[in-house]
Amino acid sequence: TGQLALYLLGLRATCPPHSPPRSLVTWLKYYLEEDWTGSRRNGHPLTSYYQYGLGVLALCVHHKRVREEVIRRLLTAQHHGKFGHGGNTVDTEAVVALAFTCLERRRLVRTGLAAELEAAAHGASRSMAEAQGPNGIIGNIYSTPWALQVFLATGACQTEPAFGQAMAALLENLEAFGTAATMAQVLPVLHGHSYLDIASMHCREEPDTLTPMDMEPPTEVPGNKTVQLVVECPLPWCYELRLYDRLVPVPAAASLLDVLRAAAALDPLGFKFHTQDTSQGPFLTQVLGLEARQEKRNYWQLLSAPDTPLQMGIADYRPRDEEILILRLSEW
């Protein structure tokens, strides 16, 4: 659901000479319905409310009507606080708020429902402002651009103090946005736009002025460092809290992913992990045989001891020398 929605949003943003094949939109509508079949068993979509909201947003940006029942599912989930945990809550609230604002602005719903959607979007905007931390970040650094898009789309950017503080935090942390997916979220905000603006773009031919950039290879950081790697499982069914605790020597420029690989090389039988490739880089799915599964509502939380959540993924975060990193299997 989410991948097809992102593809359709990207396709619209490129100003193609022709409309996308009708089959793509039809498939997205189909996946939205298939996605919801999970709710009958699990109480939530098979994927997530984030992907479900992204699908509704993509259909709206392509000026396609969405059944009221589909919209009501998101409204009900928002009213009952079912959108997840931490930064994930901000991501999902923002995507859904953008979808609601789009449907209301494009007049793709009846008047009564449009008023409900407008109120829900403004409520989400206030909620995100209240979730802002003292450092200006809303949720986490990757969810902050989503929140800023909502402020821009709803007009709250002109009156909400959280907007300027979040934008300042974003500008201080631009190095965190190193993948195509994260760049796609942050670039519109830096130019004062949201994904809603894709729906009203006036496409015109532009001269072919793109030129390749001369990228210098990253400079090697000399020396080594030692990271203490800890694996915890505080869930009731785990036989003990701390499952792994070991010092891992790595090169000075090593990422958290490099630390995990080094730990596996040091103890091939005692330490194993698995990742899943996503549009935002590798995602940690299994450690020591314990698998984080969406249908079980658990995930591997990445922490710098004692309890500071990491703001980057495992391939981007570069631990400090003697830092204690905790992989904690958590529920949401």
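Residues numbered from 1 in each chain as written. Predicted model: local features only at pLDDT ≥ 70, side-chain atom pairs only at ≥ 80, totals over all residues. Heavy atoms only, no water.

As annotated in an unreviewed UniProt entry, the protein is Transcobalamin-2 from Daphoenositta chrysoptera. Turning to the protein, the UniProt record has this under Subunit (unreviewed entry): "Interacts with CD320 (via LDL-receptor class A domains)." Looking at the protein in UniProt, the text filed under Sequence similarities (unreviewed entry) is "Belongs to the eukaryotic cobalamin transport proteins family." (UniProt positions renumbered as here; feature names shortened; annotations may be inferred.)

K.L.:
Could you give an account of the sheet that holds strand β5 (residues 290-291), with specific residues and numbers?
P.N.:
The antiparallel open sheet is built from 3 strands, whose spatial order is β3-β4-β5. Looking at the sheet topology across the chains shown, the edges are occupied by β3 (273-278) and β5. In this sheet, β5 lies alongside strand β4 (residues 281-287) in antiparallel orientation, the contact comprising 2 bridges. Across the sheet, Val287 pairs through a bridge with Leu290, a residue of β5. Against the sheet, helix α10 (residues 256-266) makes contact with β3 and β4, and its axis sits at roughly 150° relative to β3, the strand it touches most. (Pairing = 2+ DSSP bridges. Helix = DSSP H or I, 4+ residues; strand = E, 2+ residues; numbered from the N terminus. Contact = heavy atoms within 4.5 Å. Axes fitted to C-alpha atoms, helices over the stretch in contact; angles between N-to-C directions.)

K.L.:
Tell me about the environment of Gly133, residues and numbers included.
P.N.:
Its place among the elements puts Gly133 in the loop between α6 (111-130) and α7 (144-154). Along the primary structure Gly133 and Ala166 are separated by 33 residues, whereas in three dimensions their C-alpha atoms are 9.2 Å apart.

K.L.:
Would you mind going over the sheet that holds strand β1 (residues 224-232) in detail, with residue names and values included?
P.N.:
What the 5 strands build is an open sheet, ordered β2-β1-β8-β6-β7; its pairing is mixed. Of all the strands in the sheet, the pair left with one neighbour each is β2 (242-251) and β7 (308-309). The pairing of strand β6 (residues 298-304) with strand β8 (residues 324-331) spans 7 bridges and is classified as antiparallel. For Ser304, the partnering residue across the bridge sits in β8 and is Leu325. Sheet contacts for α10: β1, β2, β6 and β8; angle to β2, the most-contacted strand, approximately 105°.

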